[in-house]
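Here is what each chain is made of, one letter per residue.
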Amino acid sequence: MANMKFLCDSKRCIECNGCVTACKNENDVEWGIQRRRVITINDGEPGETSISVACMHCSDAPCMAVCPTDVFYRTEDGIVLHNKDGCIGCGYCLFACPFGAPQFPSSAAFGERGKMDKCTFCAGGPEEDHSPEEKAKYGSNRIAEGKLPLCAEMCSTKALLAGDAAEVSDIFRERVIYRGHNDGAWAQTQNASQYEADLAYDATQPKA
């Protein structure tokens, strides 16, 4: 059985926000809701890095642990979904999520913000697949059609990967090997740049 996950390759993300636009258009989310966003660190400075962030569909999701009405559930593919009918807008999930994935349509006090919304991995919700009710509440159900989330499909640089965790890991591992990082996938920019400079220097030296 697949275990669906997202991974964003920060070395490829160009902050185009194509993933954000694709998500909004595909799921027709209401005003004030942003299921996916692009975060940029050190904007305009050396070491600038961008990464696309949404619900990461955690294997041990903290939102599921704290929800007092148990609206969250995990599908057989490992996708974390929720039932909006049971949401009371308490905001516990928002406080628990390290990625800020849970969104509310209003900025009023908790309990009056409306039903929580978040990335569904384009897998719909508990209603019947492709029903008007599912589309209205949760957006597109591309998973039922055998497709991946549109945000990943539309990524122009293939920075945003989506699919079975094992396959996503293999793709990213191959990229890291090709880049030749000496500190692994999560090497800091300074270390990576130094390593690349060392390689360039070694290439100029006479061969033994």
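Description of the structure in this document. Note that this is a predicted model, so its numbers are computed, not measured.

Conventions used here
Residues numbered from 1 in each chain as written. Predicted model: local features only at pLDDT ≥ 70, side-chain atom pairs only at ≥ 80, totals over all residues. Heavy atoms only, no water. Helix = DSSP H or I, 4+ residues; strand = E, 2+ residues; numbered from the N terminus. Buried < 20%, exposed > 50% of the residue type's maximum accessible area, 1.4 Å probe, protein only. Contact = heavy atoms within 4.5 Å. Areas by Shrake-Rupley, 256 points an atom, 1.4 Å probe, with all protein chains shown as cover. Patch = residues over 30% accessible without salt bridge, like charges linked within 9 Å, V, L, I, M, F, W, Y side chains within 5 Å. Salt bridge = Lys/Arg side-chain N within 4 Å of Asp/Glu carboxyl O. Lys, Arg positive; Asp, Glu negative; His and termini not counted. Charge placed at Lys NZ, Arg CZ, Asp CG, Glu CD. Arc of directions from axis to C-beta.

Here we take up the overall build of the protein. Check the secondary structure of the protein and you find seven helices and six strands. Mapped from its N terminus to its C terminus, the protein presents α and β elements in the order β-α-β-β-α-β-β-α-α-α-β-α-α. When the 208 residues of the protein are sorted by exposure, 39% land in the buried category. Counting only contacts in the protein whose residues sit at least 6 apart along the sequence, the fraction spanning at least 24 positions is 51%. Roughly 11,500 Å² of accessible area belongs to the protein as shown, and the carbon and sulfur atoms make up 52% of that amount.

With that settled, the discussion passes to the environment of Val38. By the element assignment, Val38 lies in strand 2 (residues 37-41). Overall, Val38 belongs to the buried group, its relative accessible area being 17%. Not counting residues within four places of it along the chain, the set of residues in contact with Val38 comprises Cys13, Glu15, Asn17, Cys19, Val20, Ser50, Ile51 and Ser52.

Moving on to unusual backbone geometry. Although it is not a glycine, Phe121 sits at a positive phi angle of roughly 60°. Along the polypeptide, Phe121 turns up in the loop between helix 3 (92-96) and helix 4 (132-138). The backbone phi angle of His130 is positive, close to 65°, even though this residue is not glycine. Tracing the chain through its elements places His130 in the loop between helix 3 and helix 4.

A cluster of like negative charges, contributed by Glu15, Asp43, Glu45 and Glu48, occupies part of the molecular surface. Take Glu45: it is sitting in the loop between strand 2 and strand 3 (49-53). By relative accessible area, which is 49% here, Glu45 ends up partly exposed.

Next up on the list: helix 1 (residues 18-27). Structurally, the α-helix is built with 3.6 residues per turn, so residues lying three or four positions apart point the same way. If you check which residues of helix 1 are buried, you get Cys19, Val20, Ala22, Cys23 and Asn27. Along the long axis of helix 1, the arc covered by the buried residues comes to 165°, so they all point the same way. Those residues of helix 1 hidden inside the fold are in contact with strand 2, strand 3, helix 4, helix 5 (150-153) and strand 6 (160-164). One or two positions beyond helix 1, positive phi appears at Asp28, with a value near 50°.

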